[in-house]
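An overview of the molecular structure
One letter stands for each residue in the lines below.
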Number of protein chains: 6
Amino acid sequence: MRIAVFRKAHFNAAHRLHNPAWSDEKNQAVFGLCNNANYHGHNYELEVKVAGEVDPETGYLMDMKVLKDLIYEEVELPFDHKNLNLDVPEFQHFNPTAEHICYIIWQRLRNRLDPHLDLMVRLYETPRNFVEYPAL
Amino acid sequence: MRIAVFRKAHFNAAHRLHNPAWSDEKNQAVFGLCNNANYHGHNYELEVKVAGEVDPETGYLMDMKVLKDLIYEEVELPFDHKNLNLDVPEFQHFNPTAEHICYIIWQRLRNRLDPHLDLMVRLYETPRNFVEYPAL
Amino acid sequence: MRIAVFRKAHFNAAHRLHNPAWSDEKNQAVFGLCNNANYHGHNYELEVKVAGEVDPETGYLMDMKVLKDLIYEEVELPFDHKNLNLDVPEFQHFNPTAEHICYIIWQRLRNRLDPHLDLMVRLYETPRNFVEYPAL
Amino acid sequence: MRIAVFRKAHFNAAHRLHNPAWSDEKNQAVFGLCNNANYHGHNYELEVKVAGEVDPETGYLMDMKVLKDLIYEEVELPFDHKNLNLDVPEFQHFNPTAEHICYIIWQRLRNRLDPHLDLMVRLYETPRNFVEYPAL
Amino acid sequence: MRIAVFRKAHFNAAHRLHNPAWSDEKNQAVFGLCNNANYHGHNYELEVKVAGEVDPETGYLMDMKVLKDLIYEEVELPFDHKNLNLDVPEFQHFNPTAEHICYIIWQRLRNRLDPHLDLMVRLYETPRNFVEYPAL
Amino acid sequence: MRIAVFRKAHFNAAHRLHNPAWSDEKNQAVFGLCNNANYHGHNYELEVKVAGEVDPETGYLMDMKVLKDLIYEEVELPFDHKNLNLDVPEFQHFNPTAEHICYIIWQRLRNRLDPHLDLMVRLYETPRNFVEYPAL
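What comes next concerns the included structure. Residue numbers here run from 1 along each chain, matching the order of that chain's written sequence. Going through the entries in the order they are written, you letter the chains from A and number the ligands from 1. Only residues with pLDDT of 70 or above have their local features reported here, since the model is predicted, and side-chain atom pairs are shown and tallied only from 80 upward, although totals for entire chains, interfaces and linings are computed over all residues. Side-chain calculation: all heavy atoms of the structure are included, whereas hydrogens and water are not.

On to the interface of chain B and chain C, then. The contact criterion used is simple: two residues touch if any of their non-hydrogen atoms lie within 4.5 Å. Chain B puts 24 residues into the contact, and the matching count from chain C is 24 residues. Across the chain B to chain C interface the summed buried area is about 1,900 Å²; carbon plus sulfur atoms make up 48%. Of all residues in chain B, Asn38(B), Asn43(B) and His81(B) bury the most surface against chain C, accounting for 31% of the area lost on that side. N or O atoms within 3.5 Å of each other form a polar contact, as long as, within protein, one can give a hydrogen and the other can take it, and as long as residues adjacent in sequence are counted only when both atoms are side-chain atoms. Counting across the chain B and chain C interface gives 19 residue pairs in polar contact (both at pLDDT 80 or more). For helices the rule is a DSSP run of H or I covering at least 4 residues; for strands it is a run of E covering at least 2, with both sets numbered from the N terminus onward. When residues of the side of chain B that touches chain C are traced back to their parent elements, those giving at least two are β1 (2-15), β2 (40-53), β3 (82-83), α3 (84-87) and β4 (118-126) of chain B. Put simply, Ala, Val, Leu, Ile, Met, Phe, Trp, Tyr, Cys and Pro go in the nonpolar bin, Asp, Glu, Lys and Arg in the charged bin, and everything else, Gly too, in the polar bin. When its residues are assigned to classes, the side of chain B that touches chain C shows seven nonpolar, 11 polar and six charged. Here the quantity called buried area is the total loss of accessible area, with a 1.4 Å probe, experienced by two parts when brought into contact, counted for both.

Structure representation (structure tokens):
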């Protein structure tokens with residue numbers, strides 16, 4: 001019985017989009033308001049999907065408390081109430097677009113998850129803009 | 001023109017997670033608060049997806065009223081305002097985890113649906129925890 | 001600067017509506033499906049409103065972490081994953097309608113809150129049915 | 001790094017379901033209230049998914065402002081505050097069911113989008129009924 | 001124990017804003033897209049609030065099934081899948097703005113409700129625009 | 001016919017809670033994670049309520065497009081994709097708690113609104129924390 005389970009979480013963070021290889025003019029032209037040198041921020045909403053076989057003894061794909069704690073350690077603790085560009089190592093040289101944040105979260109969770117399980121991450125930057133990795 | 005249609009529904013039910021093959025201690029250790037012998041409950045939100053070819057005469061994949069009535073007969077009537085463990089035959093010997101409830105709903109609807117149509121069921125146990133069967 | 005702050009919380013519980021002074025027939029006639037002797041359940045969503053003067057030093061009406069912890073102690077811990085009729089003392093002789101649950105939550109929080117602050121509680125039994133105490 | 005980005009939009013429109021090849025009786029029997037000759041209407045909520053490779057220079061799959069403007073030109077401007085049957089050319093001879101509206105929106109966006117990108121459109125006719133094209 | 005209960009409902013309707021005492025130019029200038037002679041439409045979401053004393057025997061302010069049926073008879077049946085301007089008597093000579101629709105719904109429900117109960121109606125024309133009658 | 005109309009808007013901003021009259025230790029003790037010197041951020045959701053008499057000629061309390069433009073000029077343009085502490089004059093010497101941001105928005109809108117109309121502002125800092133000014 002192959003099934004998928006989903007768990008939601010959230011974190012509130014500041015960020016700024018900027019490519020240091022470009023001039024200020026080009027950064028401004030490409031990233032617009034998102035390039036503000038003083039940062040802006042979001043309530044990021046996260047949806048983690050894990051797929052695999054249900055354990056017939058528990059009726060669980062995996063214990064959701066374990067998944068919740070994993071998301072807390074790998075995402076909420078390091079990202080919540082932080083400046084992504086300044087406080088999170090991965091984004092010191094990697095532009096924190098929604099696409100990149102989603103990919104980094106996927107990597108962090110992938111490293112901690114049983115290799116028999118599939119993983120997909122959806123990240124809402126706003127209720128109107130969101131991303132998913134990997135894409136179907 | 002292969003398309004998917006979705007219909008939402010909901011039911012409010014009590015349940016308890018318990019494996020009768022285990023000791024009380026192991027049940028408590030694995031299922032925690034969900035093992036409460038007096039039951040707890042949820043507003044389950046259901047999302048039924050049906051995929052197939054659009055009928056060129058109606059412009060419908062299928063009449064949503066038919067799908068709504070099917071969900072009413074197979075899910076809302078037997079599950080709403082019920083104790084899943086005590087009142088629903090399938091869960092008298094099958095632990096009503098979100099994964100198992102989702103699978104049983106899929107089975108009940110699959111039996112009633114035209115075999116040319118594909119079926120997927122998503123079940124929200126809370127706004128933060130949900131499952132999908134079959135998994136992509 | 002008189003302002004109101006709101007904090008949301010939630011708990012998942014089983015309950016049953018029943019008046020022991022009535023016959024089974026009358027209970028069934030008045031409460032219908034909600035009278036199921038085996039219980040049913042809900043994801044209760046709670047919205048706590050506190051009103052008063054902003055502290056000019058902090059810019060807070062009150063520290064939301066304090067309010068969050070108060071709701072945890074007085075509502076989430078005693079109500080979450082419980083059977084309201086069997087596990088919560090107040091409802092052993094007080095029918096757990098949404099109206100009564102809302103009133104009991106208000107009482108529990110009122111006892112713990114600074115008397116200079118006003119308190120209002122809104123309780124969603126489902127996304128379509130909710131109550132508010134006290135009423136404006 | 002293959003990823004998907006999503007953008008939401010909305011439009012408010014009147015429509016009527018009707019097959020001119022059928023008698024009034026058959027139209028009424030098949031489409032029921034949706035066949036009302038005086039029209040009814042909806043707040044359509046649109047979710048556009050675009051998938052492909054992230055550009056390593058920008059960290060974007062595509063500029064969401066470009067996608068937002070494309071949706072404005074191809075969907076919001078021609079559909080919002082309109083009567084789909086009377087004001088939108090495609091539906092003058094094509095029944096505006098949710099399935100067909102979704103397909104037409106996909107066609108309009110597909111024509112304007114880089115062919116290396118994949119496109120999927122989800123359309124909510126109400127919060128309880130929605131469709132997706134193409135279906136997975 | 002004075003409390004308020006709320007019940008949600010919805011209806012999907014077409015409408016057009018128009019003042020027949022004005023020229024077409026003035027109607028267009030004031031109502032813009034909402035003046036489209038071919039109509040447009042909305043999924044109206046309704047929130048009905050009733051306030052009063054809880055009945056100590058039932059623990060109910062009023063039976064929510066009675067309120068649900070009243071909303072069905074007075075609002076859903078006459079308004080759902082209708083053209084408000086053409087199909088609803090009150091709007092044949094009364095411009096169906098959100099304000100006016102809200103007021104008419106309040107009147108229809110007020111006539112049917114126990115005079116000891118207070119009534120307030122909130123109507124969402126879209127998720128971003130809504131009205132409340134009477135105003136606090 | 002006294003009625004209230006509501007309009008929603010949103011802005012994404014960075015901020016930091018800090019009282020310059022206090023030591024770093026006290027700021028950290030009182031504001032916790034919200035005191036991060038590198039800022040964090042939110043998707044602020046705004047709900048503006050205006051109450052008064054309906055104009056019998058238009059059926060409007062006020063033209064919602066006028067209210068939308070006012071919110072754009074006074075809130076979205078100066079606050080969106082900004083650092084509230086650094087980029088918004090009012091918060092250079094006024095701690096940008098949700099309470100204070102709500103009050104400043106109320107002031108900015110109050111100055112622009114017809115004095116016969118009443119105004120109330122609700123501001124969501126997250127979906128779980130929000131404030132309202134003035135409090136009922």
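Okay, back to it.
This paragraph deals with the relation of the copies chain B and chain C. One copy of the chain maps onto the second through a rotation around an axis plus a translation along that axis. Aligned on chain C, chain B shows an RMSD of 0.0 Å; the corresponding rotation is 180° and the shift along the axis is 0.0 Å. Look at the turn and shift together and you get a two-fold axis relating the two. An overlap of 100% is found between the interface residues of chain B and their copies at the interface of chain C, pointing to a shared contact surface. The copies were overlaid by least squares, fitting only the C-alpha atoms of residues that reach a pLDDT of 70 or more in each copy.

By a frequent convention, interface size equals the accessible area lost on bringing the separate parts together. Chain A puts 24 residues into the contact, and the matching count from chain F is 24 residues. Carbon and sulfur atoms make up 48% of the surface buried where chain A meets chain F, a total of about 1,900 Å² over both sides. Considering only the side of chain A, the residues that lose the most area to chain F are Asn38(A), Asn43(A) and His81(A), jointly responsible for 30% of the buried surface there. When a carboxyl oxygen of Asp or Glu lies within 4 Å of a side-chain nitrogen of Lys or Arg, that pair is called a salt bridge. Across the chain A-chain F interface, the total number found is zero salt bridges. At the boundary of chain A with chain F, the tally comes to 19 residue pairs in polar contact (both at pLDDT 80 or more). Every element with two or more residues in the side of chain A that touches chain F is listed here: β1 (2-15), β2 (40-53), β3 (82-83), α3 (84-87) and β4 (118-126) of chain A. Broken down by element, the residue count for the side of chain A that touches chain F peaks at five residues, all from β2(A).

The next point concerns the packing of helix α2 (residues 64-79) of chain B against helix α4 (residues 98-110) of chain B. All names here are of chain B. Here an angle of 0 to 180 degrees is reported between the N-to-C directions of two axes, which are lines fitted to C-alpha atoms, with helices fitted over the stretch in contact. The interhelical angle for the contact between α2 and α4, taken along N-to-C directions, is 140°, at an axis separation of 9 Å. With respect to their mutual orientation, α2 and α4 come out oblique. As α2 packs across α4, the resulting crossing turns out to be right-handed. Counted together, Leu70, Ile71, Glu74, Val75, Pro78 and Phe79 of α2 and Ile101, Ile104, Ile105, Arg108 and Leu109 of α4 form the full contact between these two elements. Class assignment for the residues of the contact of α2 with α4 results in nine nonpolar, no polar and two charged. Our angle categories are set so that under 35 degrees counts as roughly parallel, over 145 as roughly antiparallel, 65 to 115 as roughly perpendicular, and the remainder as oblique. Crossings are assigned a handedness: left-handed for a near helix turned anticlockwise from the far helix by less than a right angle, right-handed for a clockwise turn.

Interpretation in functional terms is not warranted from these geometric data alone.
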